Amino acid sequence: MTSDTRVILICSGKGGVGKTTLTANLGISLARKGSPTAVLDADFGLRNLDLLLGLENRIVYTAQEVLEETCRLDQALVKHKQEPNLSLLPAGNPRMLDWLKPEDMKKIVGMLSEQFQYVLIDCPAGVEDGFRNAVAASKEAIIVTNPEVSAVRDADRVIGLLNTNDIKPVQLVLNRVRPKMMESQEMLSIDDVTDILALPLLGLVLEDEQVIVSTNRGEPLTLIGSQSPAARCYSNIAGRLQGEEIPLIDPSQEGNGLGDKFRRLMQTKIF
Amino acid sequence: MAINYQNKKICFHKDLGKDWHREFEDLIIKKDERAIELDCGECKLNCYDIDYIKTLCIDKNIEIISLVSQNIKTIISASSLGLNTTLRLNKNINKNTAELAYSYKDIHNDKSTKFHKGTLRAGEVLETNNDLLVVGDVNPGAKVIAGGNIMIWGRLLGIAHAGSKGNTSASITALQLRPVQLRIAKKVARGPKEKPEEGFTEEALIEDDIIVIKPARTTK
């Protein structure tokens with residue numbers, strides 16, 4: 001499985017745009033579709049991929065112990081209970097930032113590549129050492145950005161850096177899309193963003209309150225089989241990543257269908 | 001003889017006497033060629049010397065095709081007077097001269113337009129002393145700097161600085177000119193707020209001491 005393992009870096013430059021949420025949901029979706037998937041938290045300074053996946057209390061060893069060779073890789077990997085195809089390799093303590101080298105990161109990813117078909121790397125925000133380490137180990141990348149000027153600017157900078165590091169392909173996920181604001185042109189439109197970044201659009205993720213709820217519970221939306229807008233978006237992205245042809249959703253049509261209205265009614269839990 | 005005529009060239013020898021001017025004149029009078037080459041060997045000739053040679057040749061209606069020398073000072077003097085020069089490097093040349101020769105070469109041969117293909121993304125800076133041609137976009141947050149003109153076959157959405165060495169006649173041309181900031185020589189201007197009409201190439205230049213944006217001219 002080594003050669004055709006897809007090592008995908010999920011990065012954004014700016015913080016808080018949804019890298020970790022996308023990593024968690026994409027990991028679950030890919031695992032659900034039957035691919036052995038590993039998610040690697042490369043954000044050593046501020047790790048929270050384990051929180052999103054609800055695996056915090058099951059972490060015994062981390063990537064740090066694996067590198068120090070005080071434990072085996074499979075001891076450090078945390079297998080998700082409901083989704084056994086998904087494993088998490090947690091980040092070590094924040095001090096790892098001081099000594100971790102790109103070679104160490106490559107070593108970890110190399111080990112994961114032997115067992116998994118997908119390795120998703122949750123990249124830290126910024127373009128400093130943590131980012132450089134994560135880039136060194138990746139083959140392709142997904143850029144997450146919001147329809148905001150600052151997020152787009154940072155994403156642009158990151159794309160430039162990825163290009164110089166020969167990461168290909170680089171695809172774009174536009175997160176937290178609010179159809180109504182886009183329609184009234186209060187928000188950057190999809191065209192505005194793709195115009196500047198000039199990347200193939202892998203998917204849109206609609207703004208969804210359910211994301212916050214699921215984050216706090218430690219249950220990614222895709223795991224609980226939610227039919228909320230964001231959950232559908234995430235599983236569409238996973239499908240496209242595997243080469244399926246799924247048309248992009250049209251934000252202007254979202255929330256107007258009868259089904260959507262019914263679903264919204266269901267979520268209010270009146271019944 | 002410090003100067004003689006070999007292989008259709010006038011050759012200067014290493015130890016030129018004080019009266020080489022006389023010698024050169026005698027030699028040149030005898031020649032009936034209309035064009036000559038000069039091989040100055042290792043001789044160090046200053047601008048006065050070269051000017052003397054040049055004036056003499058013009059008087060006699062002889063064209064100097066080129067000047068070959070192993071001495072960098074001679075080359076600089078000659079080229080500053082508008083002669084075609086070639087620097088011939090000695091085999092056992094010392095390091096300093098070699099470096100000088102290269103830096104000289106860089107300055108004088110690198111007048112070519114710098115060409116960049118691809119999008120310049122936020123944070124990237126492209127700088128050159130000459131003209132600059134970019135095929136691709138210059139995104140917001142990116143910066144292009146050129147000693148000469150800037151031409152962008154794409155959109156200019158970042159910062160462009162033309163004539164960075166003080167050339168006020170430099171211009172900035174782009175298919176879509178919507179920069180954050182424009183600079184020409186020492187002038188700075190903010191980009192226009194409204195979106196320009198698509199399909200019109202525009203050009204920014206200094207007019208009456210301010211930077212103006214106009215439809216691009218076809219001729220200069």
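Calculation rules
- Residues numbered from 1 in each chain as written.
- Chains lettered and ligands numbered in written order.
- Predicted model: local features only at pLDDT ≥ 70, side-chain atom pairs only at ≥ 80, totals over all residues.
- Heavy atoms only, no water.
- Pairing = 2+ DSSP bridges.
- Helix = DSSP H or I, 4+ residues; strand = E, 2+ residues; numbered from the N terminus.
- Axes fitted to C-alpha atoms, helices over the stretch in contact; angles between N-to-C directions.
- Contact = heavy atoms within 4.5 Å.
- Phe/Tyr/Trp six-rings, centres within 6.5 Å; stacked < 30°, edge-to-face > 60°.
- Domains from an automatic or database assignment.
- 1 Å grid on protein atoms, 1.4 Å probe; cavity = no way out; pocket = protein on both sides within 12 Å on 5 of 7 lines; lining within 4 Å.
- Points joined across faces, edges and corners; volume = space filled by probe spheres on them.
- Nonpolar A, V, L, I, M, F, W, Y, C, P; charged D, E, K, R; others polar.

## Thoughts on the sheet that holds strand 3 (residues 35-39) of chain B
Residues and elements named next belong to chain B. Strand order in the open sheet made by the 5 strands is 1-2-3-4-5, with mixed pairing throughout. Two strands bound the open sheet, and with one partner strand each, they are strand 1 (3-6) and strand 5 (85-87). Here the strands of the sheet are splayed against their neighbours by 20° on average, with no regard to which way each runs. The sheet strands contacting helix 2 (residues 47-59) are strand 2 (9-12), strand 3 and strand 4 (63-69), and the helix crosses strand 4 at an angle near 155°.

## Things to note about the packing of aromatic side chains
This model, assessed by the stated rule, comprises 3 aromatic pairs over all chains. An aromatic cluster of at least three residues, connected via ring pairs, comprises Phe 12, Trp 20, Phe 24 and Tyr 52 of chain B.

## Focus on the domain arrangement of chain B
Looking at the assigned domains, one finds that chain B contains domain 1 (3-109) and domain 2 (114-215). Measuring from the centre of the C-alpha atoms in domain 1 of chain B to the corresponding centre in domain 2 of chain B gives 43 Å.

## Considering empty space enclosed by the protein
Residue and element names in this part refer to chain A. Under the criterion given, the structure shown has 2 cavities of 30 Å³ or more. Quantified by volume, the largest cavity comes out at close to 40 Å³. Around the largest cavity, the lining residues are Thr 21, Ala 24, Asn 25, Leu 52, Val 211, Ser 214, Thr 215, Glu 219 and Pro 220. Those elements giving two or more residues to the lining of the largest cavity turn out to be helix 1 (19-32) and helix 11 (209-217). Classifying every residue of the lining of the largest cavity gives 4 nonpolar, 4 polar and 1 charged. Space inside the second largest cavity adds up to approximately 40 Å³. Along its surface, the second largest cavity is lined by Leu 204, Cys 233, Asn 236, Arg 240, Leu 248 and Ile 249. Among the elements that take part in the lining of the second largest cavity, helix 12 (residues 229-241) stands out by supplying 3 residues, more than any other. In terms of residue class, the lining of the second largest cavity is built from 4 nonpolar, 1 polar and 1 charged.

## With respect to the sheet that holds strand 12 (residues 172-177) of chain B
All names here are of chain B. In spatial order, the strands read 6-8-10-12-15-16; together these 6 strands make up an open sheet with mixed pairing. Either end of the sheet is taken by a strand with one partner, and the two such strands are strand 6 (114-117) and strand 16 (210-215). Mean inter-strand twist for the sheet, computed between neighbouring axes without regard to direction, equals 25°. Of the strand pairs in this sheet, strand 15 (residues 202-207) and strand 16 are connected by 6 bridges, and their pairing is antiparallel. Residue pairing for strand 16: Leu 205 is matched across the bridge by Val 212.

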